[in-house]
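Structural description and commentary
For reference, the chains in residue letters:
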Amino acid sequence: MELSRPLATITPTLDADVLALLAQHEVTFTTGQLHRVLPRFSEEGIRNVLRRLTRQGLVSAERVGNAYSYRLNRDHLAAGPVVELANLQRTLLNRLEERLASWKSPPVYAAVFGSAARGTMTVDSDIDLFLVRPDDAPRGVWDEQVGVLAAEVTKWTGNDTRPLEYTVSELTDAGAEPVLRDVSAEALTVAGSRAWLNRTLRQRTR
């Protein structure tokens, strides 16, 4: 799946991209505003989608001067499933937070990074997980936890899952690795404190 295009999991059409935007925001959009966010599609194509969704009642249209503004009709029977699908990334992050919090030996820090965090996933992208293991964590227990989680994430998303693991000591002693800069800049935290990670990486570079 593509977390940046969550409704494409159901239908790889322009309708999916328009609905995802409307579901993720409580504000109204004009056709032109939607086109600026979705420039790979034509404005006429977006307009046709909005007309079709308005006829179905899933989208509400309001005339504003010479134009129309559109929003998701959240009272529609189909709105709930649409909103849930549109927020699949948040659902994934919540599940990861719950799983990691239940571990016998939880990570000091964990995050999703790479294309899933940047919003550039394709259906063939991996889900990259960054995990920092406590130095005193039993290795057998830790490895089993990581293996189970990786398998679960793949079942949840259909994407291969690739954990990147460090111990606290390894993270402190690591060189200036580009992947650590990427994690610091763009990762989505699911366990521990981003402030702790940044402090540790700053200490590493001194």
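Residues numbered from 1 in each chain as written. Predicted model: local features only at pLDDT ≥ 70, side-chain atom pairs only at ≥ 80, totals over all residues. Heavy atoms only, no water.

Turning our attention to the layout of surface pockets. Here the largest pocket is characterised by a volume of approximately 180 Å³. Split into classes, the residues belonging to the lining of the largest pocket amount to 7 nonpolar, 2 polar and 2 charged. (1 Å grid on protein atoms, 1.4 Å probe; cavity = no way out; pocket = protein on both sides within 12 Å on 5 of 7 lines; lining within 4 Å. Points joined across faces, edges and corners; volume = space filled by probe spheres on them. Nonpolar A, V, L, I, M, F, W, Y, C, P; charged D, E, K, R; others polar.)

On to helix H4 (residues 79-86), then. Taken as a whole, H4 has its buried residues at Ala79, Val82 and Ala86. The buried residues of H4 all sit within an arc of 65° when viewed along its axis, so they share a single face. Turning to H4, the residues buried within the fold contact helix H1 (14-24), strand E3 (67-72) and helix H5 (88-101). (Buried < 20%, exposed > 50% of the residue type's maximum accessible area, 1.4 Å probe, protein only. Helix = DSSP H or I, 4+ residues; strand = E, 2+ residues; numbered from the N terminus. Arc of directions from axis to C-beta. Contact = heavy atoms within 4.5 Å.)

Judged by nonpolar contacts, the single largest core of 24 residues is most densely connected at Val18, Ile46 and Leu50. Going through the elements one at a time, H1, helix H3 (43-56), E3 and H4 are the ones with two or more residues in this core. When residues of this core are assigned to their parent elements, the largest contribution, 8 residues, is made by H1. What Leu50 contacts, discounting residues up to four positions off in sequence, is Val18, Leu22, Thr31, Leu34, Val59 and Tyr70. (Core = buried A, V, L, I, M, F, W, Y, C linked by side-chain atoms within 4.5 Å.)

Looking now at the pairing of E3. Bridge count for strand E1 (residues 29-30) against E3 is 2 bridges, and the pairing is antiparallel. Pairing of Thr30 across the sheet is with Ser69, part of E3. For strand E2 (residues 59-64) and E3, the ladder comprises 6 bridges, and the chain directions are antiparallel. When the bridges of E3 are listed, Arg63 appears paired with Tyr68. Once E2 ends, the chain turns through 2 residues before running back antiparallel as E3, passing Gly65 with a positive phi of about 65°. (Pairing = 2+ DSSP bridges.)

Take the pattern of salt bridges next. With the rule as written, the count across this model stands at 13 salt bridges. A salt bridge links Arg52 to Asp15, with the nearest nitrogen and oxygen atoms 2.9 Å apart. Pair noted here: Arg52 is in helix H3 and Asp15 is in helix H1, with a separation of 37 residues, a long-range link. A relative accessible area of 34% places Arg52 in the partly exposed class. One salt bridge connects Glu152 with Arg99, and the closest N-O pair in it is separated by 3.0 Å. Of the two residues, Glu152 is situated in helix H7 (residues 139-157) and Arg99 in helix H5; the sequence distance between them amounts to 53 residues. On the basis of relative accessibility, which here comes to 31%, the residue Arg99 falls in the partly exposed class. (Salt bridge = Lys/Arg side-chain N within 4 Å of Asp/Glu carboxyl O.)

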